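Structural description and commentary
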Amino acid sequence: AEDTRVTKTLLAHYGITTPLVAYHEHSNEAVRERMIHRVRDGQALALVSDAGTPLVSDPGYKLVQSAIEAGLPVTPIPGPSAVTTALVVSGLPTDRFFFEGFLPPRSAARRTRLSEIAGVPATLVLFEAPHRLPEMLADAAAVLGERPAVVARELTKLFETVRRGTLPD
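Structure report, in brief. (Residues numbered from 1 in each chain as written. Predicted model: local features only at pLDDT ≥ 70, side-chain atom pairs only at ≥ 80, totals over all residues. Heavy atoms only, no water.)

Quick word on the pattern of salt bridges
- The final tally for this structure, using the stated rule, is 6 salt bridges.
- Between glutamate 116 and arginine 113 there is a salt bridge whose closest N-O contact spans 2.8 Å. Pair noted here: glutamate 116 and arginine 113 are both in helix H5 (residues 107–117), with a separation of 3 residues, about one helical turn.
- Bridged by salt links that share partners, the residues Glu100, Arg113 and Glu116 form one connected network. (Salt bridge = Lys/Arg side-chain N within 4 Å of Asp/Glu carboxyl O. Helix = DSSP H or I, 4+ residues; strand = E, 2+ residues; numbered from the N terminus.)

This is the structure:
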C-alpha cells in the first residue's frame with residue numbers, strides 16, 4: 001500500500017485483516033524482490049493506491065515491471081483515476097487532453113517544460129505537490145498566459161476542493 005495507515009482504515013471497514021507492506025516512491029529493489037518471492041510462493045498480492053488508480057504518476061510501475069520480468073500475471077482492477085476525475089470536474093474541454101504528470105520542481109526547468117507543451121492543442125492535465133503549487137501556477141501564468149485553469153485536490157475524498165479561474169487568478 002502507498003500509505004498503510006490509509007489502506008488499513010479501508011480494510012478495517014470491510015473486516016479485512018490482511019497484513020500490509022508499505023510500497024511507495026522510496027521503496028527499493030529489495031522490497032520489490034520480497035513481493036515477487038511472495039507471489040512465487042503462492043501468495044496473492046494487491047497494490048493499493050491512496051488516490052485513484054495506482055501507477056499513474058506513481059512508482060508502482062516498477063513493481064509491475066518486476067512481476068512481468070518474473071513471468072507473473074498482472075491483473076488491473078479499474079478504479080477511479082485522478083486524471084479523468086479532475087478532467088471531468090474541471091469544466092474544461094474533455095475531447096482532447098494531454099497528461100503531463102509532475103513538472104520539474106525548479107522554476108527554470110518547469111518554465112522550459114511548460115514552453116514545450118504550450119502549443120499542445122488540448123487541455124493540459126498536470127500534477128503538483130501542494131507546497132509547490134503557488135510557484136507552479138505563477139510559472140504557468142508567465143508561460144501560458146491568460147488561460148482557463150482549475151486546481152482540484154482530494155478528489156472523491158472528504159476534503160475535495162475545486163477552484164476555477166484563469167492562471168493569473
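Structural notes on helix H3 (residues 60–69)
- Inspection of H3 places Gly60, Leu63, Ser66 and Ala67 among the buried residues, and these make up the whole buried set. Down the axis, H3 shows its buried residues gathered within 115° of arc, on one side only. Exposed side chains of H3 directed beyond 90 degrees from the buried face belong to Ile68 and Glu69.
- Where H3 is buried, its residues touch helix H2 (29–40).
- A positive backbone phi angle near 75° is found at glycine 71, which sits one or two residues after H3. (Buried < 20%, exposed > 50% of the residue type's maximum accessible area, 1.4 Å probe, protein only. Arc of directions from axis to C-beta. Contact = heavy atoms within 4.5 Å.)

Brief notes about a nonpolar patch on the surface
- Residues Leu10, Tyr14 and Ile16 make up a contiguous nonpolar surface patch of about 320 Å² in total accessible area.
- Here isoleucine 16 is to be found in the loop between helix H1 (4–13) and H2. (Patch = residues over 30% accessible without salt bridge, like charges linked within 9 Å, V, L, I, M, F, W, Y side chains within 5 Å. Areas by Shrake-Rupley, 256 points an atom, 1.4 Å probe, with all protein chains shown as cover.)

Comments concerning the layout of surface pockets
- Roughly 360 Å³ of volume is contained in the second largest pocket.
- Along the walls of the second largest pocket sit 17 residues, with Thr18, Pro19, Ala44, Leu45 and Ala46 positioned nearest its centre.
- Of all the secondary structure elements, the ones that give two or more residues to the lining of the second largest pocket are H1 and H2.
- Here the lining of the second largest pocket is built from residues that sort into 13 nonpolar, 3 polar and 1 charged. (1 Å grid on protein atoms, 1.4 Å probe; cavity = no way out; pocket = protein on both sides within 12 Å on 5 of 7 lines; lining within 4 Å. Points joined across faces, edges and corners; volume = space filled by probe spheres on them. Nonpolar A, V, L, I, M, F, W, Y, C, P; charged D, E, K, R; others polar.)

As for the packing of H5 against helix H6 (residues 133–144)
- Look at H5 against H6: their axes get within 9 Å of each other, and the N-to-C directions meet at 45°. Considering the angle they form, H5 stands oblique to H6. The crossing of H5 and H6 is right-handed. Of the residues in H6, those in contact with Ser107, Arg110, Arg111, Leu114 and Ser115 of H5 are Glu135, Met136, Ala138, Asp139, Ala140, Ala142, Val143 and Leu144.
- Its residues assigned to classes, the contact of H5 with H6 comprises 7 nonpolar, 2 polar and 4 charged. (Axes fitted to C-alpha atoms, helices over the stretch in contact; angles between N-to-C directions. Parallel < 35°, antiparallel > 145°, perpendicular 65-115°, else oblique. Left-handed = near helix turned anticlockwise from the far one by under 90°.)

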